[in-house]
Amino acid sequence: METSAARTAPAVIVAIDGPSGTGKSSTSKAVAAQLGLSYLDTGAQYRAITWWMVNNGIDVSDPTAIAAVAAKPEIVSGTDPSAPIITVDGTDVSGPIRTQEVTSKVSAVSAVPEVRARITELQRSVAAAAEGGIVVEGRDIGTTVLPDADVKIFLTASPEARAARRSGELKGADLHTTREALLKRDAADSTRKTSPLAKADDAVEVDTSDLTLQQVIECVVTLVEEKRAAK
Ligand code: DC
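The structure presented is a predicted model; accordingly, all values stated were derived computationally and were not measured.

Enumeration over the complete set of coordinates arrives at 11 salt bridges. Ionic pairing is found between R98 and D41, a salt bridge with its closest N-O pair at 3.2 Å. Taken together, the residues R98 in the loop between β5 (91–92) and α5 (100–110) and D41 in strand β2 (residues 38–41) connect sequence positions 57 residues apart. Judged by relative accessible area, R98 falls into the partly exposed class, the value being 47%. Judged by its relative accessible area of 13%, D41 is buried. Where D186 meets R162, a salt bridge forms, and the shortest distance between an N and an O atom there is 2.9 Å. With D186 in helix α9 (residues 175–191) and R162 in helix α8 (residues 159–169), this pair connects stretches of sequence that are 24 residues apart. Both residues of the pair, D186 and R162, count as buried. When salt bridges that share partners are traced, they join R139, D189 and R192 into one network.

Here you go:
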């Protein structure tokens, strides 16, 4: 529930970037909830457009085919950190976008410039509409989508820590396979030509390998509160 303190505090835009398994989603949702801010999961948007491509028989190894239909699906993101649903053409795809099939194809789809242009525009309009401020999590938020964000955080963690967290979320998936899949996706996301995964020069880097989730949340909340106080 929004507190009166949250309502009267100046709007603040928080960009949280980093690879998967660093605690980005859990941290972003908790920070948004704690500070009464909206929340946007941009990875879910790339997953949603990938889900649509797969569902419509588009060959995801063909960037031209992807580009030709990139404008078709209507994607709507909820911004409530306690229930961040996402719909495609009116269907709730919050569950289906987390399948192994979508996860293995999302890097290819999100590397296509027409997809990025479409989704980036969507992200900027969601952020602009969030009156009290918003936490936006992704890979290129601080560098490309919202370069003027008030607070920029770049979360990192060792491949071992990330694989252990992800295999826990996947109910004990094999650690080695999980680690290899994570590193493969990182490599694809970091080396693509259009807005790759990267730390903005003015982002604060937080290595979460040896921190609890609560410690990471506190660290980010403190940075946001300091920024708000200075506004
Ligand atoms: O955070 P996630 O694992 O749900 O993200 C899924 C994919 O989407 C990830 O492999 C890279 C891509 N992505 C992106 O290219 N840019 C973003 N801002 C967010 C995600």
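On to the UniProt feature "binding site: ATP" (unreviewed entry) in the protein, then. UniProt marks G18, P19, S20, G21, T22, G23, K24, S25 and S26 with the feature "binding site: ATP" (unreviewed entry), using the numbering shown here. Tracing the backbone through its elements, the reader meets T22 in the loop between β1 (12–17) and α2 (24–35). A relative accessible area of 1% places T22 in the buried class. There is a polar contact of 2.8 Å between the side chain of T22 and the backbone oxygen of P19. Relative to the assigned elements, K24 resides in helix α2. Setting aside its immediate chain neighbours within four residues, K24 contacts I16, D17, G18, P19, E137, G138, R139 and L155.

Take the site of the ligand next. Inspection of the region around the ligand gives 17 residues, with R47, R116, D140, R185 and D189 positioned closest. Within the complex, 97% of the 450 Å² of free accessible area of the ligand lies under protein. Looking at the shell around the ligand, the elements with two or more residues in it are α3 (42–55), α5 and α9. Per-element accounting of the shell around the ligand gives the leading share, four residues, to α3.

With parallel pairing, five strands are arranged side by side in an open sheet as β2-β6-β1-β7-β8. Each edge of the open sheet is held by one strand with a lone partner, namely β2 and β8 (204–207). Pairwise comparison of adjacent strand axes, ignoring direction, gives a mean angle of 20 degrees for this sheet. Direction of pairing for β1 relative to strand β6 (residues 133–138): parallel, over a ladder of six bridges. What sits directly across from D17, in β6, is G138. Packed onto the sheet, α3 meets β2 and β6 and runs at close to 40 degrees relative to β2.

Analysis parameters
- Residues numbered from 1 in each chain as written.
- Predicted model: local features only at pLDDT ≥ 70, side-chain atom pairs only at ≥ 80, totals over all residues.
- Heavy atoms only, no water.
- Salt bridge = Lys/Arg side-chain N within 4 Å of Asp/Glu carboxyl O.
- Helix = DSSP H or I, 4+ residues; strand = E, 2+ residues; numbered from the N terminus.
- Buried < 20%, exposed > 50% of the residue type's maximum accessible area, 1.4 Å probe, protein only.
- UniProt positions renumbered as here; feature names shortened; annotations may be inferred.
- Polar contact = N/O pair within 3.5 Å; in protein donor to acceptor, adjacent residues only side chain to side chain.
- Contact = heavy atoms within 4.5 Å.
- Near = heavy atom within 4 Å.
- Areas by Shrake-Rupley, 256 points an atom, 1.4 Å probe, with all protein chains shown as cover.
- Pairing = 2+ DSSP bridges.
- Axes fitted to C-alpha atoms, helices over the stretch in contact; angles between N-to-C directions.

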